[in-house]
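Observations on the model geometry
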There are 2 protein chains.
Amino acid sequence: MSRAMASRGLWCYWTLILLYGIGLCAAFRPPRPYLLGGAASAAARRSMPLTKIRPFDTFYFTQVLDHFTFKDAVRHPEETFQQRYLVNQEFWHGAQKAGPIFLYCGNEGDIEWFAENTGFLFEIAPRLGALLIFPEHRYYGESMPFGNQERAYKNADSLSYLTTEQALADFATLITDFKKNLSAEASPVVAFGGSYGGMLAAWFRLKYPHIVIGALASSAPILQFENLVPNDIFNKIVSLDFKEESDACFDIVRNSWSAIEALAAEEGGLHILSAKFHLCREVCKAMTNLPDDFDILSRIFAGISVYYNFTGEVDCFDLSADPHGMSGWGWQACTEMIMPMSSNPNNSMVFPYGWDLQAYINGCLSTYNANARPNWAVTEFGGQDIKSVLRHFGSNIIFSNGLLDPWSGGSVLEDISSTIIAIITKEGAHHLDLRSSTKEDPGWLVDQRELEISKIRQWLGEFYETLIVI
Amino acid sequence: MSRAMASRGLWCYWTLILLYGIGLCAAFRPPRPYLLGGAASAAARRSMPLTKIRPFDTFYFTQVLDHFTFKDAVRHPEETFQQRYLVNQEFWHGAQKAGPIFLYCGNEGDIEWFAENTGFLFEIAPRLGALLIFPEHRYYGESMPFGNQERAYKNADSLSYLTTEQALADFATLITDFKKNLSAEASPVVAFGGSYGGMLAAWFRLKYPHIVIGALASSAPILQFENLVPNDIFNKIVSLDFKEESDACFDIVRNSWSAIEALAAEEGGLHILSAKFHLCREVCKAMTNLPDDFDILSRIFAGISVYYNFTGEVDCFDLSADPHGMSGWGWQACTEMIMPMSSNPNNSMVFPYGWDLQAYINGCLSTYNANARPNWAVTEFGGQDIKSVLRHFGSNIIFSNGLLDPWSGGSVLEDISSTIIAIITKEGAHHLDLRSSTKEDPGWLVDQRELEISKIRQWLGEFYETLIVI
């Protein structure tokens, strides 16, 4: 066993912990959150059959591959791709009445999965007479440039058009054309999104105010860049969540690192780790349900499994597998969506590690051959002094966050102005508000959604005041 | 003489009229305007020696060629270029005091020329303790991707990065780095620009509010796209200007078209036209100074010459020559900056012509091999229902316009909100406010500039209120 292998084993482990940690001890909270840019969503989708429970029609739009350059039209005749989008218009008030359009900003995955898991929109559409549209994010699901995923993901050149700016321009282009085709130019559009999709929704409102009148940005860590928030905030919140739930749970995780290190250093230790974590072929149950005589690693695995394999139908975790194109997020995280993370032993149960930008950049270069631009996101989208900058600029954005969600640490948690507001729920998880309501929903969640609806109603009302409906 | 040649002759003629028309009868008004995206500036610069009358230092910044894609860093190691920028910091209050930075958004030409001709900034810098920075627009002057102009302008692929979005991202990237290097992160930046540069300034504030606290957008026709304003507005204003100045002058131009048509149709007629318009080698005087026995064509030429050759030092007009890289505007006008124009015989003295989008697109394709996107500018930058869209969004933009300027027809002429305002001068010409003051300046021009300064002072004051200066 080389040290390199040992550290690779550890890497896998803490990646899992890092990404799914929030769920470990809060597993009972329905519905289960998926996490930004991690394989959690892929895993969830892998185990969740795409039976269509939400009614929508599927369409494809011929989208411009590169909105920001104009290449030789003769040499590059195929500078377009088919962007998928889903539409539900059964509740729409129609173009004549300038009925509203609710646009979900597709994130890093198959759009059907996001549509299925954004029940909030289907619940409010009939109340507000809205048409729903879910454009898929380029390079995910079926919306592949160059004809198919294999060609789209071939190398850095083919991946180079996978950027947030291009995705926002896709939404702008698509919705403009969509409205024109329906003669619905007068209809107001509201943007929605959760996690990375929430970042897209907020930025869409900020960059394209002529296209969307407002945005509900749920669990959108738009400040998780450069040094806008402390690097250790994510793992600090994860750890606090664990601690709050149970000190024992927190200790199990915190103490597991030395056990892993010791095991990894032993002859054959990585094989044992691999088996423990079912890195090939086993089934599992939740950590805290295990009898007392189970060891720490087994408990950790059980905890992870709640999220990574919550149907119990997956036998193993193939950490390199990527059945749903989620590695696109790896590319994005290595180019412009560079979110510094560290784990500080003073406040974190996660294996301690620092943020080493240069190592990160080198890793991205060797993995993708792409030049990471760690300062670009803040240059393009801002975030520094956000309260001063947006206090007299912009309007109609809701930043909603649950404080149990570690991504809340990089989000906007205070009102910026009377119309750019923060809605905080102490017990909320990752964009819980966008999920379908259930009978078990606590009162604060019901209230949160109603508050969001009242704000959206207000945006629409103000819009219609200035509009002479034909 | 083929019909194609005849119409080419006419085309040249009305292009000249179209671009320089405003000057013909208003020639005495100092200082002389240059016009958006036309060869007028090139001509002016050709005849104006670049003797440095304004003090500035010249620097170069390694700029990202394509901000919105991430190509293979190994295969494309040279994805950068040297962007020139000029700096004057003699009046700056300094980083410690968070002294303001005034950024002139370089337009379609050599930045030295713009710096020389934007005396307003040099006059207000000492009053407000501001540092001045003039970044050059990519693909103009010395700021050439691919090492030199010949390679940059080689074909559509090399030109493809010449877009407004890339230019704005250049400004954002440069000024962010510039401030960091000066430890001036706390310094507020105000954007300035005239004509296309004014459009850049307004859009810079709208798209990058975290980078500039406000913008003075002088003579910025941000609405001259799609059908936001009538296609014929430009020629209508040109014609009204002429008519207001003198009915005789208006009639000379209006009646010249039939004379040209008749001449062009004759055997050898185009040679005569060519000679009349000094399309090779002659010198000229102003139209209205000519003795009565001069014919219409000679008078027209004399009028044109006031602007196209106002020093009288140029012997001829080589319509294809482009000594200052101005053909970059042709590329921009053929890709995203597509401004519909027509001449309506009911209100225009200019040769009547309609706006034929398809013919325009075909022309651009055959000229540049580029796919024109006529709707893109409005999708990206907005403009439709601008009053409703920006009434509760954005702040701190001055749209200044002189109503004699035909570009005012595509600009913002009414206040949008209490902080996005229009300053109109009935007798003003193309971004006259940005020029140096002179003893002959009329009262309204002095007042206009003072009003602009007071607004900028107010933006700065509000910024400093929220800032704790170290």
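Along each chain, the written sequence defines residue order, and numbers are assigned to residues from 1. Whichever chain is written first becomes A and whichever ligand is written first becomes 1, with later ones labelled in order. In keeping with the model being predicted, local features are shown solely for residues with a pLDDT of at least 70 and side-chain atom pairs are shown and tallied solely at 80 or more, while totals for entire chains, interfaces and linings include all residues. No hydrogens and no water enter the side-chain calculation; it runs on all heavy atoms of the structure.

1. A few points about the overall build of chain A
Going along the chain from the N terminus, every DSSP run of H or I of four or more residues is numbered as a helix, and every run of E of two or more is numbered as a strand. From N to C terminus, chain A includes 17 helices and 8 strands. To sort residues, take the accessible area from a 1.4 Å probe on protein chains only and compare it with the maximum for the residue type: under 20% means buried, over 50% means exposed, and anything in between is partly exposed. Looking at chain A as a whole, 61% of its 470 residues are labelled buried. Long-range contacts, defined here as pairs at least 24 residues apart, represent 75% of the contacts in chain A between residues at least 6 apart. For the accessible areas, the method is Shrake-Rupley and the probe is 1.4 Å, while residue cover comes only from the protein chains on display. Of the roughly 17,800 Å² of accessible surface on chain A, a fraction of 54% belongs to carbon and sulfur atoms. Contacts are assigned to residue pairs that have any heavy atoms within 4.5 Å of one another.

2. Remarks on the relation of the copies chain A and chain B
The two chain copies are connected by a rotation around an axis plus a translation along it. We superpose the copies by least squares over the C-alpha atoms of residues that have a pLDDT of at least 70 in both of them. When chain A is fitted to chain B, the best match, at an RMSD of 0.1 Å, comes from turning it 180° and sliding it 0.0 Å along the axis. The transformation relating the two chain copies, once decomposed into turn and shift, fits a two-fold axis. Of the interface residues in chain A, 100% have counterparts in chain B that sit at the interface too, so the contact is made through matching surfaces.

3. Description of the state of the cysteines
Residues and elements named next belong to chain A. Here, a disulfide means two cysteine sulfur atoms that sit within 2.5 Å of each other. On inspection of all chains with the given rule, the structure shows 2 disulfides over all chains. What pairs with cysteine 334 in a disulfide is cysteine 364, and their sulfur atoms sit 2.0 Å apart. Note on the cysteine 334 and cysteine 364 pair: the S-S dihedral is about -80°, so by sign convention the disulfide is left-handed. Note that cysteine 334 is positioned in helix α13 (residues 327-335) and cysteine 364 in helix α14 (residues 357-368), a separation of 30 residues in sequence. Classification of cysteine 334 by relative accessible area gives buried; the value is 10%.

4. Some thoughts on the sheet that holds strand β8 (residues 420-425) of chain B
Residue and element names in this part refer to chain B. Judged by pairing direction, the sheet is mixed, and its 8 strands sit side by side in the order β1-β2-β4-β3-β5-β6-β7-β8 without closing on themselves. Of all strands in the sheet, those bounded by a partner on one side alone are β1 (57-64) and β8. Neighbouring strand axes in the sheet, compared pairwise and without regard to direction, differ in orientation by 20° on average. Strands are treated as partners if at least two bridges between them are detected by DSSP. In this structure, strand β7 (residues 397-402) lies alongside β8, joined through 6 bridges in parallel fashion. When the bridges of β8 are listed, glycine 402 appears paired with threonine 425. Against the sheet, helix α4 (residues 119-128) touches β2 (80-88), β3 (101-104), β4 (131-135), β5 (189-194) and β6 (214-218), its axis set at about 150° to β4. In this description, a line fitted to the C-alpha atoms serves as the axis of each element, helices being fitted only across the stretch in contact, and the angle between N-to-C directions of two axes falls anywhere from 0 to 180 degrees.

5. Some words on the sheet that holds strand β7 (residues 397-402) of chain A
Residues and elements named next belong to chain A. An order of β1-β2-β4-β3-β5-β6-β7-β8 is seen for the 8 strands of this open sheet, with the pairing classed as mixed. Edge strands, defined here as strands with exactly one partner in the open sheet, are β1 (57-64) and β8 (420-425). Ignoring strand direction, the axes of neighbouring strands in this sheet form an average angle of 20°. Sheet analysis places β1 next to strand β2 (residues 80-88), joined by 8 bridges and oriented antiparallel. Note on β2: the bridge partner recorded for phenylalanine 59 is tyrosine 85.

6. Quick look at the packing of helix α7 (residues 164-181) of chain B against helix α8 (residues 196-207) of chain B
Residues and elements named next belong to chain B. In contact at an axis separation of 11 Å, α7 and α8 are set at 65° when each is read in the N-to-C sense. Regarding the angle of α7 to α8, the classification is roughly perpendicular. When the axes of α7 and α8 are compared, the crossing they make is right-handed. Contacts between α7 and α8 involve Thr164, Leu168, Phe171 and Ala172 on the former and, on the latter, Tyr196, Leu200, Trp203 and Phe204. Here the angle decides the label: under 35 degrees means roughly parallel, over 145 means roughly antiparallel, 65 to 115 means roughly perpendicular, and every other value means oblique. Throughout, a crossing is termed right-handed when the near helix is turned clockwise from the far one, and left-handed when it is turned anticlockwise from it by less than a right angle.

7. What to know about the environment of Val378(B)
Take Val378(B): it is sitting in helix α15 (residues 376-381). Residue classification places Val378(B) among the buried residues on the basis of a relative accessible area of 6%. Taking the C-alpha atoms as reference, Val378(B) lies 30 Å from Leu460(B); in sequence the two are 82 residues apart. For Val378(B), the residues in contact, after removing those within four places along its chain, are His210(A), Phe225(B), Glu226(B), Leu228(B) and Gln384(B).

8. Points about helix α8 (residues 196-207) of chain A
Residue and element names in this part refer to chain A. Taking 1.5 Å of rise per residue, 12 residues should cover 16 Å, and α8 covers 16 Å from first to last C-alpha, within 8% of that figure. Burial analysis of α8 places 12 of its 12 residues in the buried class, the great majority of the element. All of the buried residues along α8 are Tyr196, Gly197, Gly198, Met199, Leu200, Ala201, Ala202, Trp203, Phe204, Arg205, Leu206 and Lys207. Helices are assigned an expected span. That span is 1.5 Å times one less than the residue count.

9. Focus: the packing of aromatic side chains
Any pair of Phe, Tyr and Trp rings, taking the six-membered ring for Trp, is counted once the centres come within 6.5 Å. Such a pair is stacked with planes under 30 degrees apart, edge-to-face with planes over 60 apart, and tilted for the rest. For the coordinates displayed, the defined rule picks out 42 aromatic pairs over all chains. With centroids separated by 6.0 Å and ring planes inclined at 70°, the aromatic side chains of Phe171(A) and Phe204(A) adopt a geometry described as edge-to-face. You can see Phe171(A) sitting in helix α7 (residues 164-181) and its partner Phe204(A) sitting in helix α8, a full 33 residues away along the chain. Neither residue differs from the other here; Phe171(A) and Phe204(A) are each classed as buried. Each ring, one from Phe463(A) and one from Tyr464(A), has its centre 5.6 Å from the other, and the planes form 75°; the classification is edge-to-face. Grouped by ring-pair contacts, the aromatic residues Tyr104(A), Trp113(A), Phe114(A), Phe122(A) and Phe134(A) constitute a single cluster. Of note, Lys207(B) hangs over the ring of Tyr208(A), and the distance from its end group to the ring centre comes to 4.0 Å. Geometrically, a charge over a ring is one whose NZ (Lys) or CZ (Arg) sits within 6 Å of the ring centre while staying within 35 degrees of the ring normal. The ring of Phe250(B) carries Lys243(B) above its face, with NZ or CZ at 4.2 Å from the centroid.

10. Quick look at the nonpolar core
For this analysis, a nonpolar core means a set of buried residues of the types Ala, Val, Leu, Ile, Met, Phe, Trp, Tyr and Cys, connected via side-chain atoms within 4.5 Å. Ile133(A), Phe204(A), Ile133(B) and Phe204(B) are the most contacted members of the largest nonpolar core, which has 175 residues in total. Excluding residues within four positions of it along the chain, Phe204(B) makes contact with Leu103(B), Cys105(B), Leu168(B), Phe171(B), Ala172(B), Ala191(B), Pro209(B), Ile211(B) and Val212(B).

11. Brief notes about the interface of chain A and chain B
In this assembly, 56 residues from chain A lie in contact with 56 residues from chain B. Buried area between chain A and chain B, both sides added, is near 4,600 Å², and the carbon and sulfur share of it is 56%. Salt bridges are defined by distance alone: a side-chain nitrogen of Lys or Arg within 4 Å of a carboxyl oxygen of Asp or Glu. If you look at where chain A meets chain B, you find 0 salt bridges. Any pair of nitrogen or oxygen atoms within 3.5 Å is treated as a polar contact; in protein, a donor-acceptor pairing is required on top of that, and neighbouring residues in sequence qualify only through side-chain atoms on both sides. Here chain A is connected to chain B by 23 residue pairs in polar contact (both at pLDDT 80 or more). When residues of the side of chain A that touches chain B are traced back to their parent elements, those giving at least two are α6 (156-159), α7, α8, α13, α15 (376-381) and α16 (386-391) of chain A. Considering every element that reaches the side of chain A that touches chain B, the biggest residue donor is α7(A), with 7 residues. Under this grouping Gly is polar, as are all residues other than the nonpolar Ala, Val, Leu, Ile, Met, Phe, Trp, Tyr, Cys and Pro and the charged Asp, Glu, Lys and Arg. Tallied by class, residues from the side of chain A that touches chain B come to 21 nonpolar, 21 polar and 14 charged. What counts as buried area is the accessible surface, traced by a 1.4 Å probe, that two parts surrender upon association, with contributions from both included.

12. Some points on the confidence of the model for chain A
On average, residues of chain A carry a pLDDT of 82, and 76% of them reach 70 or more. Here the predicted complex carries an ipTM of 0.84, next to a pTM of 0.85. As a per-residue measure, pLDDT tells how confident the predictor is, with possible values from 0 to 100.

13. Concerning the environment of Ile237(B)
Residue and element names in this part refer to chain B. Position of isoleucine 237 among the secondary structure elements: in helix α9 (residues 233-245). With 59 residues separating them along the chain, isoleucine 237 and phenylalanine 178 place their C-alpha atoms 41 Å apart. Once residues lying within four places of it in the same chain are set aside, the contact partners of isoleucine 237 are Leu403, Leu404, Asp405, Pro406, Ser408 and Gly409.

14. Some remarks on unusual backbone geometry
Backbone geometry at Glu226(B) places phi at a positive 45°, although glycine is not the residue there. Assignment of secondary structure puts Glu226(B) in the loop between β6 and α9.

15. Remarks on the pattern of salt bridges
When the charged atoms of two side chains lie near each other, side chains of opposite charge can form a pair. All names here are of chain A. If you walk through the whole model with that rule in mind, you get 22 salt bridges over all chains. The closest approach of N and O atoms between lysine 243 and aspartate 247, which form a salt bridge, is 3.9 Å. In this structure aspartate 247 comes out as partly exposed when scored by relative accessible area, which is 47%. Connected via shared salt-bridge partners are Arg84, Asp110, Glu112, Glu136 and Glu142.

16. Digging into helix α17 (residues 443-465) of chain A
Residues and elements named next belong to chain A. Its 23 residues give α17 an end-to-end C-alpha distance of 33 Å, which sits within 8% of 33 Å, the value for a rise of 1.5 Å per residue. For α17, the complete set of buried residues consists of Leu445, Gln448, Arg449, Glu452, Ile453, Ile456, Trp459 and Leu460. On its buried face, α17 sits against β3 (101-104), α4 (119-128), β5 (189-194), β6 (214-218), β7 and β8.

17. Examining a nonpolar patch on the surface
Residues and elements named next belong to chain A. On the surface, Leu403, Leu413 and Ile424 cluster together to form a nonpolar patch covering roughly 210 Å² of accessible area. By secondary structure assignment, the location of leucine 403 is in the loop between β7 and β8. On the accessibility criterion, leucine 403 (34% relative accessible area) is partly exposed. Only residues whose relative accessible area exceeds 30% and that take part in no salt bridge are eligible for patches, with like-charged residues grouped when within 9 Å of each other and nonpolar side chains (Val, Leu, Ile, Met, Phe, Trp, Tyr) grouped when within 5 Å.

18. Section: the packing of α4(A) against α17(A)
Residue and element names in this part refer to chain A. Interhelical geometry of α4 versus α17 gives an angle of 45° and a closest axis separation of 12 Å. Taken together, α4 and α17 sit at an angle that is classed as oblique. Where α4 crosses over α17, the handedness of that crossing is right-handed. Packed against α4, whose contacting residues are Phe120, Ile124, Arg127 and Leu128, the element α17 presents Arg449, Glu450, Glu452, Ile453, Ile456 and Arg457 at the interface.

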